[in-house]
Amino acid sequence: MDIFQAIILGIVQGLAEFLPIASAGQVIIVSHILNVTFPNQSGAIAFNTLLHLGTLTAVVGFFWRDLIKIIKAFINSLLNLVQGTFMEGLKEDVYKRLAWLLIVGTIPVAIVGILFTKEFEALFNNVVAVGVFLIINGFILVLSEHFATRGDKKVMGLTFKNSLIIGAFESLALFPGISRSGSSISAGLLLGLERQCAARYAFLLAIPAIAGAVLVEYKNIGALTETNTASIIAAYIAVVIFGYLSIGLLIRLIKSTSLRVFAYYCWIVGALTLILSYSYGLIHF
């Protein structure tokens, strides 16, 4: 992998992680188009871990003020447990409530990820699977827009049951081609969240999930020593910059732009992926 390929993959990861078009699927497709190769599977996983580290940096950088408030509120809520005012704190302080909602919402993706890690890794680099799941991702986006009402619910209106449902939707993103942000935002809209609130909550919920993925695969990071150092640095910088920009872009767009626009993109790319896979003999009917 040369520096040009690394930058392109970094840009794709940064944009696609937070736009509802499935970063894993896009990176796999573009990797095949650019004919990116790694010495072994560990090298590919290590580079994927680097890309996730970049997106984690971007989302933490974008929401750092909120994260500080959430961490402080979480610590205070633990003190509330001792004082016997825990529930009152959740009802009165939006950041205390948000802290626990994020913890509860992370449970589904943690359970699914731990139990089925090998199964999901087997789909890594499977172009056919990407095409299928991109099409499914498009249906998730369209159905959420079709069935969701114009919600005005904010974080204080979210229940822990709601958070588990959103987390369950987020766990679908373990399939290459299903968008983490898209599935989480879709669930939020179906539960009546205000559109920008749904997007911000989805991005915050992504932080522990992405961090967990990085920690799980961190053992493979040493395989990056076989990749050009300049390429590694370039990819990381590209992810951070374009990831940060895409977060702000979607938060602004979500208020007036339908998710159907992204669904059409997913359907087109998914269909083209399957057609080309069939043409090159990667899939048989």
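In this text the structure is predicted, and so the values were computed from the model without any measurement. (Residues numbered from 1 in each chain as written. Predicted model: local features only at pLDDT ≥ 70, side-chain atom pairs only at ≥ 80, totals over all residues. Heavy atoms only, no water.)

Student: Let's hear about helix α8 (residues 127-147): which residues, and what values?
Tutor: Helical geometry: 3.6 residues make up each α-helical turn, so side chains three or four residues apart lie on a common side. Look at α8: 30 Å from first C-alpha to last across 21 residues, which is about the 30 Å you get at 1.5 Å a residue. Measuring from the side-chain oxygen of the N-cap residue of α8 to the backbone nitrogen of V128 gives 3.2 Å; that N-cap residue is N126. (Helix = DSSP H or I, 4+ residues; strand = E, 2+ residues; numbered from the N terminus. Expected span 1.5 Å × (residues − 1). Polar contact = N/O pair within 3.5 Å; in protein donor to acceptor, adjacent residues only side chain to side chain.)

Student: An account of the packing of helix α6 (residues 94-115) against helix α11 (residues 195-217) is requested, with residue identities and associated values reported.
Tutor: It is the contact of α6 with α11, at a shortest axis distance of 9 Å, that shows an interaxial angle of 60°. Classified by the interaxial angle, the pair formed by α6 and α11 is oblique. Taken as a pair, α6 and α11 cross one another with a handedness that is right-handed. Along its contact with α6, which presents L98, L101, L102, G105, T106 and V109, the element α11 presents Y201, L204, L205, P208 and A209. (Axes fitted to C-alpha atoms, helices over the stretch in contact; angles between N-to-C directions. Parallel < 35°, antiparallel > 145°, perpendicular 65-115°, else oblique. Left-handed = near helix turned anticlockwise from the far one by under 90°. Contact = heavy atoms within 4.5 Å.)

Student: Tell me about the nonpolar core, and please be specific about residues and values.
Tutor: Counting 51 residues, the largest nonpolar core has V59, F63, I185, Y201, F203 and L204 as the members making the most contacts within it. When residues in this core are grouped by element, the largest group, 12 residues, is from α11. With sequence-adjacent residues up to four places away left out, V59 is seen in contact with F18, F203, I207 and I247. Formed by 12 residues, the second largest nonpolar core is a distinct cluster that contains A6, L9, L51 and V239. (Core = buried A, V, L, I, M, F, W, Y, C linked by side-chain atoms within 4.5 Å. Buried < 20%, exposed > 50% of the residue type's maximum accessible area, 1.4 Å probe, protein only.)

Student: Can you tell me about the packing of aromatic side chains, naming the residues and giving the values?
Tutor: Under the counting rule described, the total for this entry stands at nine aromatic pairs. Measuring from centroid to centroid gives 5.9 Å for Y264 and W267, while their planes differ by 45°, and the two rings are tilted. Taken as a pair, Y264 and W267 lie in helix α13 (residues 260-279) at a separation of three residues, close to a single helical turn. Taking the relative accessible area as the measure of exposure, Y264 reaches 44% and is therefore partly exposed. (Phe/Tyr/Trp six-rings, centres within 6.5 Å; stacked < 30°, edge-to-face > 60°.)

Distances and angles like these do not, on their own, reveal function.
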